[in-house]
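# Chains, contacts and geometry: an overview
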Amino acid sequence: MNGSYVAETRVRAAAPTRKVRRVPIPRVWPVKASDFYALLGGNALLIAGMWIRHGNLRELTTPAGIFTAIGELCALYGTYLVLIQLILMSRNPWLDQVFGQDRITDAHRWVGFGAIWLLVFHAIFTTVGFGMGVNTSPVDEAIALLTTYPYVLWSAAALGLFIFVGVSSVRAARRRVSYETWYAIHLYTYLAIALGFLHQIFVGVDFTTDQLATLYWIALYVVAFGILLAFRFGQPIAVTSRHRFRVANVVEEAPGVTSIYLTGRDLDLLPVRAGQWFRLRFLTSGDWYKAHPFSISAAPNGRYLRFTVKDLGDHTGRLQRIRVGTQVMLEGPYGAFTGLARRKARVLMIAGGIGITPLRALLEELPASRGNLTLIYRASSPQEVVFREELDQLASLRGATVHYLVGRRGSREMPTDPLEPRALRRLVPDLHERDIYICGPAGMMERVLSGLRWLRIPSAQIHYERFSF
Ligand SMILES: Cc1cc2nc3c(=O)[nH]c(=O)nc-3n(C[C@H](O)[C@H](O)[C@H](O)COP(=O)(O)OP(=O)(O)OC[C@H]3O[C@@H](n4cnc5c(N)ncnc54)[C@H](O)[C@@H]3O)c2cc1C
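Residues numbered from 1 in each chain as written. Predicted model: local features only at pLDDT ≥ 70, side-chain atom pairs only at ≥ 80, totals over all residues. Heavy atoms only, no water.

Attention now moves to the site of the ligand. Close to the ligand lie 23 residues; His-292, Pro-293, Thr-308, Lys-310 and Thr-316 are nearest. Take Thr-308: an N or O atom from its main chain is 2.8 Å from a nitrogen atom of the ligand. In this structure, Thr-357 approaches the ligand through a side-chain N or O atom, which is 2.9 Å from an oxygen atom. Isolated, the ligand exposes 870 Å² of accessible area, and the fraction of that covered by the protein chains is 87%. Taken together, the elements giving at least two residues each to the shell around the ligand come down to helix H8 (179–186), strand E4 (292–295), strand E5 (305–310) and helix H12 (314–319). Among the elements that take part in the shell around the ligand, E4 stands out by supplying four residues, more than any other. Split by residue class, the shell around the ligand holds 10 nonpolar, eight polar and five charged. Viewed by domain, the shell around the ligand spans two of them, domain 1 (33–236) and domain 2 (244–334), each represented by three or more residues. (Near = heavy atom within 4 Å. Polar contact = N/O pair within 3.5 Å; in protein donor to acceptor, adjacent residues only side chain to side chain. Areas by Shrake-Rupley, 256 points an atom, 1.4 Å probe, with all protein chains shown as cover. Helix = DSSP H or I, 4+ residues; strand = E, 2+ residues; numbered from the N terminus. Nonpolar A, V, L, I, M, F, W, Y, C, P; charged D, E, K, R; others polar. Domains from an automatic or database assignment.)

Attention now goes to the environment of Gln-235. Within the secondary structure, Gln-235 is located in helix H11 (residues 211–243). On the basis of relative accessible area, Gln-235 is assigned to the partly exposed category, the value being 22%. Between the C-alpha atoms of Gln-235 and Arg-91, which are 144 residues apart in sequence, the distance is 9.8 Å. Sequence-distant contacts of Gln-235, that is, excluding residues within four places in its chain, are made with Ala-230, Glu-331 and Gly-332. (Buried < 20%, exposed > 50% of the residue type's maximum accessible area, 1.4 Å probe, protein only. Contact = heavy atoms within 4.5 Å.)

Taking 1.5 Å per residue, 41 residues should reach 60 Å; helix H4 (residues 93–133) reaches only 49 Å between its end C-alpha atoms and comes up short. In H4, a bend of some 95° at Gly-100 exceeds every other bend along the element. Two or three places before Trp-94, at the opening of H4, Asn-92 has a side-chain oxygen 2.7 Å from that residue's backbone nitrogen. Two residues or fewer past H4, Asn-135 is found with a positive phi of approximately 55°. (Expected span 1.5 Å × (residues − 1). Bend = angle between axes of the 7 residues up to and from the residue.)

The next thing to look at is the domain arrangement of the protein chain. When its domains are assigned, the protein chain resolves into domain 1 (33–236), domain 2 (244–334) and domain 3 (339–465). The centre of domain 1, based on its C-alpha atoms, is set 37 Å off from the matching centre of domain 2. On the side of domain 2, nine residues touch domain 1, which itself brings eight residues to the contact. For the pair domain 1 and domain 2, the summed buried area comes to about 860 Å², and 47% of that belongs to carbon and sulfur atoms. (Buried area = accessible area lost by both parts, 1.4 Å probe.)

Attention now goes to the pairing of strand E1 (residues 245–254). Walk down a regular strand and you will see the side chains alternate between the two sheet faces. Counting buried positions over the 10 residues of E1 gives seven, a clear majority of the element. For E1 and strand E2 (residues 257–263), the ladder comprises seven bridges, and the chain directions are antiparallel. Directly across from Asn-249, in E2, lies its bridge partner Tyr-261. With antiparallel pairing between neighbouring strands as the criterion, E1 and E2 make up a hairpin whose turn holds two residues, including Gly-256 at a positive phi of roughly 75°. (Pairing = 2+ DSSP bridges.)

Moving on, we get to the sheet that holds E1. Read across the open sheet, the six strands follow the order E4-E3-E6-E1-E2-E5; overall the sheet is antiparallel. Whereas interior strands pair on both sides, the edge strands pair on one side only; in this sheet they are E4 and E5. Across this sheet, the average inter-strand angle for adjacent strands is 40°, counted without regard to direction. (Axes fitted to C-alpha atoms, helices over the stretch in contact; angles between N-to-C directions.)

We now examine the nonpolar core. Formed by 38 residues in total, the largest nonpolar core has its most connected members in Met-50, Leu-76, Phe-162, Phe-207 and Trp-217. If you list the elements that add at least two residues to this core, you get helix H2 (33–53), helix H3 (63–88), H4, helix H6 (152–169), helix H9 (188–203) and H11. If one sorts the elements of this core by residue count, H3 sits on top with nine residues. Not counting residues up to four positions away in its chain, the partners in contact with Met-50 are Leu-76, Asp-206, Phe-207, Ala-213, Tyr-216 and Trp-217. (Core = buried A, V, L, I, M, F, W, Y, C linked by side-chain atoms within 4.5 Å.)

Note the cis peptide between Gly-332 and Pro-333, where omega equals 5°. Here Pro-333 lies in strand E6 (residues 327–334). With a phi close to 60°, Arg-456 is a non-glycine residue in the positive phi region. Take Arg-456: it is sitting in the loop between helix H16 (442–454) and strand E11 (462–465). Residue class for Arg-456 comes out exposed when judged on its relative accessible area of 70%.

Enumeration over the complete set of coordinates arrives at 20 aromatic pairs. With a centroid separation of 5.6 Å and an interplanar angle of 80°, the aromatic rings of Trp-288 and Tyr-289 are classed as edge-to-face. A connected cluster of aromatic rings, assembled from ring pairs, spans Phe-67, Trp-117, Phe-121 and Phe-125. Taking the ring centre of Tyr-404 as reference, the NZ or CZ of Arg-388 above it sits at 3.8 Å. (Phe/Tyr/Trp six-rings, centres within 6.5 Å; stacked < 30°, edge-to-face > 60°. Lys NZ or Arg CZ within 6 Å of the ring centre and 35° of its normal.)

Now the structure itself:
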């Protein structure tokens with residue numbers, strides 16, 4: 001008998017005895033991308049209005065005035081982008097629903113770099129503008145500002161911290177540091193925001209003389225931090241105290257791949273869909289301070305949540321030996337990689353390696369009729385294939401087709417890429433009539449996505465989940 005089914009029996013015995021109800025599906029919020037853009041655009045206009053109201057247009061008559069006014073505009077919009085960053089980092093379910101994690105991560109990267117550049121320009125333009133006004137060189141003016149102006153040294157420290165965080169996020173640098181180090185560096189952003197705030201409120205010309213502008217600016221900070229605190233701390237604390245998750249069973253699925261079953265109170269009332277993921281914080285002495293993302297690997301059933309973890313580093317290595325009974329905090333669920341994204345009745349799922357986890361859950365949950373579900377599971381060796389028995393059983397129960405493409409690319413048995421567009425079309429001839437769900441290693445996903453573009457599959461039919469941010 002397969003290990004997972006042994007586990008299932010044990011978990012069932014440990015689960016509440018009351019009748020299992022249908023698991024509620026996560027709420028679909030009535031928000032659209034255009035609502036967010038309108039809100040962001042509206043505030044951007046208010047900021048421009050504030051800058052004009054403070055007489056900056058009149059300053060544009062002399063070179064010194066032009067530099068100073070531009071410097072000020074850069075400070076306002078640079079800070080505005082920093083506050084948008086806080087909201088992008090808040091793990092807000094509305095944003096997640098509308099844009100998906102991938103686009104949020106992309107936006108986070110670009111908004112972050114935009115904010116840093118604007119703040120750098122603020123420092124340069126303001127220093128040069130002030131210097132021109134009193135006929136001093138930019139260097140002398142910078143020294144005078146740093147040594148005599150209140151809060152300027154603080155803001156210089158803030159800018160230094162922002163630049164440090166930005167440099168650590170450049171892809172080449174990001175690859176060299178562990179996720180934890182990169183995350184810890186990001187915490188300096190909060191210190192930088194606090195220092196910058198004091199500088200702005202106490203010496204910013206837009207705020208020292210205009211109470212209304214000060215109130216508006218403080219309100220922007222309150223809203224951004226409020227959203228961050230509500231979703232980063234409030235939501236996980238509420239979900240965890242409601243459901244009291246703990247590890248009920250740990251089952252080895254394959255070498256270095258383990259399923260962790262969580263049970264808890266009233267799991268039948270936890271809204272979640274197949275294809276979604278949570279951030280899990282295991283409350284042990286070594287791991288309580290880190291939350292790592294994992295997709296559910298079985299459709300929600302109201303009795304337990306199953307996560308299947310591949311040993312890829314420190315944390316995932318320790319999870320292979322996590323003790324039954326360990327308490328767990330959950331943040332989420334997140335992700336739009338669900339049946340809700342579907343446009344067509346027929347679905348093709350393409351999994352690579354541990355990317356099978358959300359697709360295994362989707363294979364169980366998506367509506368099945370007359371062979372509409374097909375799964376392609378790509379692995380480089382037979383040992384890498386997890387859930388083989390489960391997948392075969394699900395396929396025969398649900399009338400689905402599973403193709404296992406196992407072998408190293410370029411080897412004698414697999415000389416060419418079995419996922420290249422023509423091979424894919426041979427395997428699944430009605431590709432254009434299907435929604436395509438993809439999850440796997442970054443390289444495989446890029447190749448499949450570009451192949452699907454080459455085949456001119458409409459992008460609305462393509463859905464994917466990346467396992468790295
Ligand atoms: C949406 C999503 C769903 C995922 N689902 C699964 C799953 O079902 N099963 C599974 O085995 N893995 C899954 N992962 C990947 C898993 O989160 C990482 O493998 C794990 O966090 C690695 O941690 P580590 O300390 O062991 O390894 P490290 O050596 O620290 O990292 C290995 C890799 O994982 C990335 N990573 C590390 N920590 C995090 C983090 N907290 N957030 C994002 N990326 C991180 C790093 O950038 C690095 O590329 C998922 C990732 C994401 C983003």
